[in-house]
Amino acid sequence: MALQLSPKRGLASKIMSTASLPSKLALGLLVLSAILMAMLYTIHKSASFQTNVPSGWIMDTPGANEAWKRKNEREQHRREMLETEQSTAAEADLEEEEERGPMNIILFYADDWRHDTLGAAGNPIVKTPVLDALAQEGVRFTQNCVTTSICWISRATLYSGQYLARHHFEMLGRGRTVNGTQMYFEVPQNETIYSLLKQKANYSVGHAGKLGLWVELDRDLNFDFMVDEDGWHYRKMGNKLWHITEKNTADALRFLTTRDKSKPFFLNVAYFATHAVDGDKRQYLPQNESLWMYENDTIPIPVTATEEAWKKMPNFFGDNNEGRTRWRWRFDTPEKHQSMMKNYYRMATEVDTSVGVLLDVLRNEGILNNTLVIFTTDNAVLWSNCRKFSCRAWAS
């Protein structure tokens, strides 16, 4: 029989043999369910009372109930103590957070800094130990992209939090032109990142370095400290010959020293490096103290840095194209390529050193752990392989 449950033909098997097929199926399932319930009850009972001591110990040992009661009381006390400790720690963290107040923000805003100009990004030549440590301890955004790879547009986006289609700052120094009228910087002055932090969040706000718009922002609304340095690598001021990265660092230190320390601060250290000096065919002028670096290194030349690759470009990339002009300044011979790239890397390492100096000041002041540290750039350059991309790839 298909549903016979016992080799003995008892009552169940007799009923099943005489009943109709549906009745046999129903009765078989009923009997099977009963057997399974009995088995589960037996397993549950065995698991619930399994013990390594002889059966009857719980009931037979004098004072057993009291022992179990004391054990439960101790366990309950331990749990309560743990909950109290956790609650106390949470309250302490909250109090520390309240005492610490809003975080400071320091933005290291480099110029023309290609994404792989970092040891942390896999570059085997450039030395950036401070930035590498930040990348290791923090977060490196490998998919971070600028909205428009042109200096002033990218910077207007940072300052306003808006795309070009919204802030309209199309041309350096004048913005867009509407019906023959230059509109300059159209973002309301009380809506910039500087103004919002100063006026709304009560931050002490500083800017040291390249603003990069060539238009004035309202200094009272936007800044407590403002020094705009742009377009040069060496300049004599008073009796001192300054390198611009050195000057950017000194100005940032001046803000950190003189700021209102009753407030949190926001500081944009807007390095001009690693931007070239436009119009100077030497292009990259690092500090004299850095010239020994990379002397014995050989910088790889991209496979597209050939005349053959240039000839495959679209027709509108003529010899008078700005990208081609700058390529001739920097990369049209292997010797020039080595010299330019080494100076570019030297300037990058100088920025890395500056970042370390400023972070040490915050560390010594005891506020580094309450400071948001950001390193980014306005856009990058594509070095000697830029001509396989757009005619604006050279822009900074």
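Data block above holds the structure.
The following paragraphs examine the structure supplied in this document. Everything quoted here is computed from the prediction, not taken from an experiment.

Below, the discussion takes up the overall build of the chain. Counting its regular elements, the chain contains 13 helices and nine strands. Taken across its 396 residues, the chain has 40% of its residues classed as buried. Considering only intrachain contacts with a sequence separation of at least 6, the fraction spanning at least 24 residues in the chain is 67%. About 23500 Å² of surface is accessible on the chain, with carbon and sulfur atoms providing 56% of the total.

When you line up the elements, His207 lands in strand 4 (residues 204-209). For His207, the side chain forms a polar contact with the main-chain oxygen of Gly209, separated by 3.1 Å. If we ignore the near neighbours within four places in the chain, the residues touching His207 are Tyr159, Tyr194, Phe223, Phe225, Met226, Val227, Leu267, Asn268 and Ala270.

On to the packing of helix 12 (residues 322-331) against helix 13 (residues 334-365). Axis separation between helix 12 and helix 13 bottoms out at 7 Å; the angle between their running directions is 90 degrees. Put simply, helix 12 runs roughly perpendicular to helix 13. Of the residues in helix 13, those touching helix 12 at Arg328, Trp329, Arg330 and Phe331 are Lys336, His337, Met340 and Met341. Looking at the contact of helix 12 with helix 13 residue by residue, the class counts come to four nonpolar, one polar and three charged.

It is worth spelling out the nonpolar core at this point. Phe108, Phe265, Leu267, Val269, Tyr345 and Leu362 are the most contacted members of the largest nonpolar core, which has 41 residues in total. The set of elements that each furnish at least two residues to this core consists of strand 1 (104-110), strand 5 (225-228), helix 10 (244-258), strand 8 (265-270), helix 12 and helix 13. The element contributing the most residues to this core is helix 13, with 11 residues. Contacts of Phe265, omitting those with residues within four sequence positions, involve Asn104, Ile105, Ile106, Tyr203, Ser204, Phe255, Leu256, Arg259, Leu362, Ile367 and Thr371. Ile105, Phe169, Val205 and Leu213 belong to the second largest nonpolar core, which has 24 residues in total.

Moving on to the packing of aromatic side chains. Under the counting rule described, the total for this entry stands at 15 aromatic pairs. Relative to Tyr271, the ring of Phe108 lies with its centre 6.4 Å away and its plane at 15 degrees, an arrangement referred to as stacked. Of the two residues, Phe108 sits in strand 1 while Tyr271 sits in the loop between strand 8 and helix 11 (307-311), which places them 163 residues apart along the sequence. Like Tyr271, Phe108 is buried. Grouping aromatic residues by their ring pairs yields a cluster made of Tyr284, Tyr294, Tyr344, Tyr345 and Trp383. Above the ring of Trp242, the side-chain terminus of Lys240 is found at 4.8 Å from the ring centroid. Above the ring of Trp310, the side-chain terminus of Arg324 is found at 4.1 Å from the ring centroid.

Attention now goes to the pattern of salt bridges. Scanning the entire structure with this criterion turns up 22 salt bridges. Linked through salt bridges whose partners overlap, the residues forming this network are Asp111, Arg155, Lys210 and Asp378.

Our focus in this paragraph is the sheet that holds strand 8. Spatially, the five strands line up as an open sheet ordered 5-4-8-1-9, and their pairing is parallel. Only two strands of the sheet have a single neighbouring strand rather than two, namely strand 5 and strand 9 (371-377). Each strand of the sheet is rotated relative to its neighbour by a mean of 10 degrees, with strand direction disregarded. In this sheet, strand 8 lies alongside strand 4 in parallel orientation, the contact comprising six bridges. Of the residues in strand 8, the one forming a bridge with Ser204 is Phe265. Along the sheet face, helix 6 (residues 151-160) touches strand 1, strand 4 and strand 8 and points at about 175 degrees away from the line of strand 1.

Contact geometry for helix 5 (residues 129-137) and helix 13: axes closest at 7 Å, N-to-C directions at 65 degrees. Between helix 5 and helix 13, the contacting residues are Pro129, Val130, Leu131 and Leu134 on the first element and Asp352, Val355, Gly356 and Leu359 on the second. Across the contact of helix 5 with helix 13, the residue classes tally to six nonpolar, one polar and one charged.

Let us now look at the side chain of Gln162. Note that Gln162 resides in the loop between helix 6 and helix 7 (164-167). Contacts of Gln162, omitting those with residues within four sequence positions, involve Thr157, His167, Val187 and Glu191.

Let us now look at unusual backbone geometry. Most peptide bonds are trans, and most residues other than glycine sit at a negative phi. Residue Ala273 is joined to Thr274 through a cis peptide bond whose omega torsion reads 15 degrees. Positionally, Thr274 belongs in the loop between strand 8 and helix 11. Phi at Asn179 is positive, roughly 50 degrees, even though this residue is not glycine. Its location among the elements puts Asn179 in the loop between strand 2 (177-178) and strand 3 (181-182). Judged by its relative accessible area of 80%, Asn179 is exposed.

Reading the values: the criteria
Residues numbered from 1 in each chain as written. Predicted model: local features only at pLDDT ≥ 70, side-chain atom pairs only at ≥ 80, totals over all residues. Heavy atoms only, no water. Helix = DSSP H or I, 4+ residues; strand = E, 2+ residues; numbered from the N terminus. Buried < 20%, exposed > 50% of the residue type's maximum accessible area, 1.4 Å probe, protein only. Contact = heavy atoms within 4.5 Å. Areas by Shrake-Rupley, 256 points an atom, 1.4 Å probe, with all protein chains shown as cover. Polar contact = N/O pair within 3.5 Å; in protein donor to acceptor, adjacent residues only side chain to side chain. Axes fitted to C-alpha atoms, helices over the stretch in contact; angles between N-to-C directions. Parallel < 35°, antiparallel > 145°, perpendicular 65-115°, else oblique. Nonpolar A, V, L, I, M, F, W, Y, C, P; charged D, E, K, R; others polar. Core = buried A, V, L, I, M, F, W, Y, C linked by side-chain atoms within 4.5 Å. Phe/Tyr/Trp six-rings, centres within 6.5 Å; stacked < 30°, edge-to-face > 60°. Lys NZ or Arg CZ within 6 Å of the ring centre and 35° of its normal. Salt bridge = Lys/Arg side-chain N within 4 Å of Asp/Glu carboxyl O. Pairing = 2+ DSSP bridges.

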